[in-house]
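Residue-level listing of the chains:
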Amino acid sequence: MMRFLITYESNNGDYKTTTLNLSSSVTHNGSVCGNDTQAAVVAVQFGEGHYWSINITKNNETYQGDFITLTYNTNDTAVFPDAKRKGPVTVLVKDPLHPVQLNTVFVCHNSYFVEGENVTQIFWNVTVQAFVQNGTVSKKESRCPADTPTSAPTVPPTTSNVTTASTTTLAPAPTSAPIPVENPDTGNYSLKSGNKTCFLATVGLQLNVSQDKPHLININPKTTVADGVCGNTTATLKLNDGNSTLIGFTFAVKNTSASVQKFYLKEVNVTLLNRLNGSVISSADNTNLSKWDAFLGSSYMCRKEQTLQINEDVQVHTFNLWIQPFLVEANKFATAQECSLDDDSILIPIVVGAALAVLIAIIVVAYIIGRRKSYAGYQTL
């Protein structure tokens, strides 16, 4: 099984992320078994002109995926309703998996991801044996890293998924989601356009997902891969946590006057996938945000915790945020515009004003009490 998350440019210059799934009718024209001198090829055609293939090569003892090719057709209006670029687009990436011994079946039930060129490719329930010997499928298996016990999903599967996916390699799903008490670790992410860095981000991320009950998910920067696109007026950072959490941040440029331009956070997308079968547990997006604005050519910083409301069930909490989506120079953040939460200087007049108010209140009360005592003494006389 496979699914593709694709970021494309729309007619109005914005970047959007869409999901391309296999259709009910799939063909495999062009697939070949391969031999000692020719690579094996698995070629798949589906939907409205979409094509996927992988080349598999072998040496004396192992076989291994070489290049993965995806051609998606933006003329498919059901998937790309407003694509600016029309026609087939081809993406070529290197297969990241390790070699497999000959006469061994490669198996991967849990989902794993391949990133490249604005596309996230998601695979699960994979069973492959290339260069089958003597026409007999082997009984020996080579498991992918995602199927190991340490790869238990951060987001617990739904009840129906637990029922169908109980195996000896995964711990049972907890009856209630654990709530992390610590803030998430801060990650450093960047994008490049050619050899030049075009997007910088430093942030700790935490999701608050309300399914049956609230559930906090800390994004682990050690297992998170950054991808996305840089543009002149829009830029998108996509973060893919190895625990099947996908978060996309889209920034845009606005003109506040004829000579002043600012950038701001316009859109956030959150997708949670079940690693057992690749299904979508939760998907949410907010395309009407207006957060984190700063002058173009500067960066935005907010060390305190902030909350982005994606929908009624999903929130994104940020910590130690420092971000610059446009005009990055020399791989460094430009001067930062700090959020109001970090501006401690505003507390000084508040504290001074409160102290003066208390002092004035004490003086007034003391004056009234003194007047009353003086009046009482005069009456006695």
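Cut-off values and rules
- Residues numbered from 1 in each chain as written.
- Predicted model: local features only at pLDDT ≥ 70, side-chain atom pairs only at ≥ 80, totals over all residues.
- Heavy atoms only, no water.
- Buried < 20%, exposed > 50% of the residue type's maximum accessible area, 1.4 Å probe, protein only.
- Helix = DSSP H or I, 4+ residues; strand = E, 2+ residues; numbered from the N terminus.
- Pairing = 2+ DSSP bridges.
- Salt bridge = Lys/Arg side-chain N within 4 Å of Asp/Glu carboxyl O.
- Patch = residues over 30% accessible without salt bridge, like charges linked within 9 Å, V, L, I, M, F, W, Y side chains within 5 Å.
- Areas by Shrake-Rupley, 256 points an atom, 1.4 Å probe, with all protein chains shown as cover.
- Axes fitted to C-alpha atoms, helices over the stretch in contact; angles between N-to-C directions.

Asker: Please set out the pairing of strand β20 (residues 261–273) residue by residue, giving values where relevant.
Answerer: Among the 13 residues in β20, eleven count as buried, and that is most of the element. In this structure, strand β19 (residues 245–255) lies alongside β20, joined through eleven bridges in antiparallel fashion. The residue of β20 that forms the bridge with L246 is T271. Across three bridges, β20 lies against strand β22 (residues 291–295) in antiparallel orientation. Its bridge partner being in β22, K262 is matched across the sheet by F295. Bridge count between β20 and strand β21 (residues 280–286): six bridges; the pairing is antiparallel. Within the sheet, the bridge partner assigned to L273 lies in β21 and is V280.

Asker: An account of the pattern of salt bridges is needed here, citing residue identities and associated values.
Answerer: With the rule as written, the count across this model stands at eight salt bridges. A salt bridge links D14 to K266, with the nearest nitrogen and oxygen atoms 2.7 Å apart. With D14 in the loop between β1 (2–9) and β2 (15–21) and K266 in strand β20, the pair connects residues that are 252 residues apart, well separated along the chain. Across the pair K262 and D293 runs a salt bridge, and its minimum N-O distance is 3.7 Å. Placement of the pair is K262 in strand β20 and D293 in strand β22, with a sequence separation of 31 residues. When its relative accessible area of 17% is taken as the criterion, K262 is described as buried. The exposure class assigned to D293 is partly exposed, which follows from its relative accessible area of 32%.

Asker: Could you give me a rundown of a nonpolar patch on the surface, with the residues and numbers involved?
Answerer: A cluster of nonpolar side chains, contributed by L356, L359, I360, I363, V364, Y367 and I368, occupies part of the molecular surface with about 690 Å² of accessible area. Within the element layout of this structure, I363 appears in helix α2 (residues 347–380). A relative accessible area of 51% means that I363 is categorised as exposed.

Asker: Tell me what's going on with the sheet that holds strand β11 (residues 119–123), and back it up with residues and numbers.
Answerer: The antiparallel open sheet is built from four strands, whose spatial order is β2-β1-β11-β10. Taken across any chain shown, the strands that pair with only one partner, and hence form the sheet edges, are β2 and β10 (112–116). On average, adjacent strands in this sheet sit at an angle of 20 degrees to one another, irrespective of strand direction. Examined bridge by bridge, β10 and β11 share five bridges and lie antiparallel to one another. If you follow E115 over to β11, its bridge partner there is T120.

Keep in mind these numbers describe shape, not what the thing actually does.
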